[in-house]
Amino acid sequence: MKKIWLIPLLAAVRITSAAAYDITITADKQVEIYQNEQKAVAVGNAVAVKPGMTVKGEILTAWFSKSNRGKTSITDMEARQKVSLHLPKADAFGDLMEYHVKDDYMVLTGKPARIKNDRATITATENITYYPGQEKAVAKGNVIADNGKNKVYSDVMEAFFQKDKEGNPVLQRVEIPKNARIVTKDGEVTAKTGVYYPEQGLVKLYENVVINQNGNILRGDRAETDLNTGISKVLSGKSRVSGIWYEEK
């Protein structure tokens, strides 16, 4: 097995990715290049950097291929142990990240996996899949969106980013395709679907909406919950709003 050991104080290697940009890999301990297996292994606080994105882990493995012209390109990458993904305005954390460079998506798993910005944190027990080119992330498995005051629950949430004036991706909205549930200090709200806007701390809910606050129940087609205040309200829709109120003894 032919390999090259690089063991300076900070080992480094630069390889062009399959998406036509350079990825620089550094590590505190060493970077090993296995030529026969066409892979590089970075050990000890390993870091992979590409424009607008940084991936970190204790062990980082990159697989590469060579073209007919001898050009080396990374096709896949894996980060293990204390994994983090850093974007200009969002961060993600987990135990394992698989980055399929050629297909432009990465899968993050953890106990749980987390993605966060300064407005909210989204966790998932199954995985979070991030699509850089589509500016989209999909969280699966007991997903919780927490803004520090109130929480939104669902089995699946789809987060969409939008570039700001500087070209940095900003978490714009989180779509909840089914079984949305919001828990506040005063009760909970359930609905068939919903859309969460982290910047405003607002959740819009649709279909079969039930608001239960302090034992009082409201039902309707549409509702809004302000996660900053915990206040929910039913909005007019196709059907009439109905409710049950209990008087205090």
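For clarity, every value in this text was computed on a predicted model and none was experimentally measured.

Engineer: Would you mind going over the overall build of the protein chain with me for this structure?
Structural biologist: Secondary structure summary: the protein chain contains 0 helices and 22 strands in total. When the 249 residues of the protein chain are sorted by exposure, 45% land in the buried category. For the protein chain, the proportion of contacts with a sequence separation of at least 24, taken over those separated by at least 6, is 34%. About 13500 Å² of surface is accessible on the protein chain, with carbon and sulfur atoms providing 47% of the total.

Engineer: Whenever I open this one, the packing of aromatic side chains confuses me. Can you help?
Structural biologist: In this description, a pair of aromatic rings is defined by centroid distance and the angle of the planes. Under the definition given, this model contains 2 aromatic pairs. Between Tyr-130 and Phe-161, the ring centres sit 5.8 Å apart and the planes meet at 70°, which makes this aromatic pair edge-to-face. With a gap of 31 residues between them, Tyr-130 in strand β12 (residues 127–131) and Phe-161 in strand β14 (residues 151–163) connect regions that are remote in the sequence. According to the relative accessible area criterion, Phe-161 is buried, its value standing at 6%. Above the face of the Tyr-34 ring, Lys-39 is positioned so that its terminal group lies 5.3 Å from the ring centre.

Engineer: What exactly am I supposed to notice about the pattern of salt bridges here?
Structural biologist: Opposite charge on two side chains permits pairing when their charged atoms draw close. Enumeration according to the criterion identifies 9 salt bridges in this entry. Taking the shortest distance from any N to any O, the salt bridge between Arg-119 and Glu-199 comes out at 3.5 Å. Of this pair, Arg-119 sits in the loop between β10 (113–116) and β11 (121–124) while Glu-199 sits in the loop between β18 (193–197) and β19 (202–213), placing them 80 residues apart in sequence. Look at Arg-119 and you get partly exposed, because its relative accessible area is 42%. For Lys-163, the salt bridge identified is with Glu-135, shortest N-O distance 3.7 Å. In this pair, Lys-163 sits in strand β14 while Glu-135 sits in the loop between β12 and β13 (136–146), placing the two residues 28 residues apart along the sequence. Under the relative-accessibility criterion, Glu-135 is labelled buried at 17%.

Engineer: Explain the environment of Lys-82 here, please?
Structural biologist: Here Lys-82 shows up in strand β7 (residues 72–87). Relative accessible area serves as the criterion here: at 69%, Lys-82 is assigned to the exposed category. Measuring from C-alpha to C-alpha, the distance between Lys-82 and Leu-96 comes to 8.0 Å, with 14 residues separating the pair along the chain. The residues touching Lys-82, leaving out its near neighbours within four places in the chain, are Lys-56, Gly-57, Glu-58 and Gly-94.

Engineer: I keep staring at the pairing of strand β9 (residues 105–109) and nothing clicks. Help me out?
Structural biologist: Regular strands show a simple pattern: their side chains alternate between the two faces of the sheet. Taken together, the 5 bridges between strand β8 (residues 90–100) and β9 define a ladder with antiparallel strand orientation. Each bridged residue has a counterpart across the sheet, and for Met-97 the counterpart in β9 is Leu-108. The turn joining β8 and β9, which pair antiparallel and follow one another in sequence, is formed by 4 residues; a positive phi near 60° is taken by Asp-104. Taken together, the 3 bridges between β9 and β12 define a ladder with antiparallel strand orientation. Each bridged residue has a counterpart across the sheet, and for Leu-108 the counterpart in β12 is Ile-128.

Engineer: Can you help me understand the pairing of strand β17 (residues 187–191) in this one?
Structural biologist: Sheet topology places strand β16 (residues 180–184) next to β17; 5 bridges connect them, and they run antiparallel. Bridge pairing in β17 places Val-183 opposite Glu-188. Between β16 and the antiparallel strand that follows it, β17, lie 2 residues. Inspection of the sheet shows β17 paired to β19 by 4 bridges, in the antiparallel sense.

Engineer: What should I look at first to understand the nonpolar core in this one?
Structural biologist: Grouped burial of nonpolar side chains is what soluble globular proteins tend to show. One finds Ile-25, Met-77, Leu-85, Met-97, Tyr-130, Val-152 and Leu-205 to be the most contacted residues of the largest nonpolar core, which totals 54 residues. Sequence-distant contacts of Tyr-130, defined by excluding residues within four places in its chain, comprise Met-53, Leu-85, Leu-87, Tyr-105, Met-106, Lys-136, Ala-137 and Phe-161.

What counts, and at which threshold
Residues numbered from 1 in each chain as written. Predicted model: local features only at pLDDT ≥ 70, side-chain atom pairs only at ≥ 80, totals over all residues. Heavy atoms only, no water. Helix = DSSP H or I, 4+ residues; strand = E, 2+ residues; numbered from the N terminus. Buried < 20%, exposed > 50% of the residue type's maximum accessible area, 1.4 Å probe, protein only. Contact = heavy atoms within 4.5 Å. Areas by Shrake-Rupley, 256 points an atom, 1.4 Å probe, with all protein chains shown as cover. Phe/Tyr/Trp six-rings, centres within 6.5 Å; stacked < 30°, edge-to-face > 60°. Lys NZ or Arg CZ within 6 Å of the ring centre and 35° of its normal. Salt bridge = Lys/Arg side-chain N within 4 Å of Asp/Glu carboxyl O. Pairing = 2+ DSSP bridges. Core = buried A, V, L, I, M, F, W, Y, C linked by side-chain atoms within 4.5 Å.

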